[in-house]
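Next come the chains, spelled out residue by residue.
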Amino acid sequence: MRALVVVGLLAVLALVFVVVALVRDTQSNAGTAAGCPDGWPLADVTLRERKDVKINVLNGTDQPGLARHVADEFSNRQFQVKKIANEKQIDDIAVLRYGPKGVGSAHLLRAYFLNNAVTKYDPNRKDDSVDVVLGNGFQQLATTTEVNQSLGDLGAAEAPPGTCPVTDDK
């Protein structure tokens, strides 16, 4: 009987301790825009639908017409292609350049390169578009199945260092 009283008392104390810890939690806003230090940009980590992703396709190879061909593929997959142009040559498969408003879009695009694209975050960029620079290592975009598997492997989009994550549902 005495053992049951002791165990019951310990259970009540543990419950009180947990409730007090939760009520006094000072990190409840950590990792959200509400807990963001002053001056840090808010990074939109919402995974966008393809139809809502704006891209600029840039040819960083010596293959003429590559940007047009890949832009057509992205358009057929319902992306919004805003610009097609040439860029200085790069050896990578692709480089994704984006700002705070394009973090979620860039995350989706990484899956189309099977997470082999180099990401370049620019905290001063104001628009929500992503520059897709195709490099000499580029061969083709991933299939729908490969994209879905790659998104599963990538997990959720994360805010770049020096930013605070924000989503549409805040």
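Structure first, text after, so check above.
Please read all numbers here as calculations on a predicted model, not as lab measurements.

Asks: So what's going on with the overall build of the protein? Residues and values would help.
Replies: Assigned secondary structure in the protein consists of four helices and seven strands. Sequence-ordered secondary structure for the protein, helices as α and strands as β, is α-β-β-α-β-β-α-β-β-α-β. Counting only C-alpha atoms and orienting by the principal axes, one finds that the protein spans roughly 85 × 35 × 25 Å. For the protein, the proportion of its 170 residues judged to be buried stands at 34%. Nonlocal contacts in the protein, meaning residues at least 24 apart in sequence, comprise 81% of its contacts between residues at least 6 apart. Counting every atom, the protein has about 10,600 Å² of accessible surface; 53% of that belongs to carbon and sulfur. A distance of 4 Å separates the average location of the 18 positive side-chain charges in the protein from that of its 20 negative side-chain charges.

Asks: Help me get a handle on the environment of Thr163, residues and values and all.
Replies: With respect to the helices and strands, Thr163 occurs in the loop between helix 4 (144-154) and strand 7 (164-166). As a C-alpha pair, Thr163 and Pro41 span 122 residues in sequence and 5.1 Å in three-dimensional space. In this view, Thr163 contacts Trp40, Pro41, Ala43 and Tyr121; residues no more than four positions away in its chain are not counted. Here the side chain of Thr163 touches Pro160 through a polar contact of 2.5 Å, landing on its backbone oxygen.

Asks: Could you give me a rundown of the packing of aromatic side chains, with the residues and numbers involved?
Replies: All told, the structure shown has six aromatic pairs when counted by the stated rule. Note on Phe79 and Tyr112: the rings are 5.2 Å apart at their centroids and 85° apart in plane angle, and the pair reads as edge-to-face. Linking Phe79 in the loop between helix 2 (66-76) and strand 3 (80-86) with Tyr112 in helix 3 (residues 103-112), this pair joins segments that are 33 residues apart in sequence. According to the relative accessible area criterion, Phe79 is buried, its value standing at 4%. Here Phe113 and Phe138 contribute two aromatic rings whose centre-to-centre distance is 6.0 Å and whose plane-to-plane angle is 65°, an arrangement assigned as edge-to-face. Of this pair, Phe113 sits in the loop between helix 3 and strand 5 (118-121) while Phe138 sits in the loop between strand 6 (130-134) and helix 4, placing them 25 residues apart in sequence. Note on accessibility: Phe113 and Phe138 belong to one class, buried. Taken together through their ring pairs, the aromatic side chains of Phe74, Phe79, Tyr112, Phe113 and Phe138 make up a single cluster.

Asks: Please give an account of helix 3 that cites residues and values.
Replies: Counted residue by residue, helix 3 has nine buried out of ten residues, so it is predominantly covered. Looking at the residues trailing helix 3, positive phi occurs at Leu114, about 50°.

Conventions and cut-offs
- One numbering rule holds for all chains: residues counted from 1, following each sequence as written.
- Whole-chain, interface and lining totals are the exception, using all residues; otherwise, since this is a predicted model, local features are given only for residues with pLDDT of at least 70 and side-chain atom pairs are given and counted only at 80 or more.
- Heavy atoms from the whole structure form the basis of all side-chain values; hydrogens and water molecules are not counted.
- Runs of H or I in DSSP of at least four residues are treated as helices and runs of E of at least two as strands, each being numbered from the N terminus.
- Relative accessibility under 20% of the residue-type maximum defines a buried residue, over 50% an exposed one, and the middle range a partly exposed one, all with a 1.4 Å probe and only protein chains included.
- By definition in these notes, contact holds between two residues if any of their heavy atoms fall within 4.5 Å.
- Residue burial considers only the protein chains on display, and all accessible areas are found by Shrake-Rupley using a 1.4 Å probe.
- Charge counting treats Lys and Arg as positive and Asp and Glu as negative, with His and both chain ends excluded.
- In plain terms, the charge of a residue is placed at NZ if it is Lys, CZ if Arg, CG if Asp and CD if Glu.
- Pairs of N or O atoms are called polar contacts if they sit within 3.5 Å, as long as, within protein, a hydrogen donor faces a hydrogen acceptor (for residues adjacent in sequence, only side-chain-to-side-chain pairs).
- Pairing of aromatic rings covers Phe, Tyr and Trp, the last counted by its six-membered ring, and requires centre-to-centre distances within 6.5 Å; plane angles under 30 degrees mean stacked, over 60 mean edge-to-face, and any other angle means tilted.

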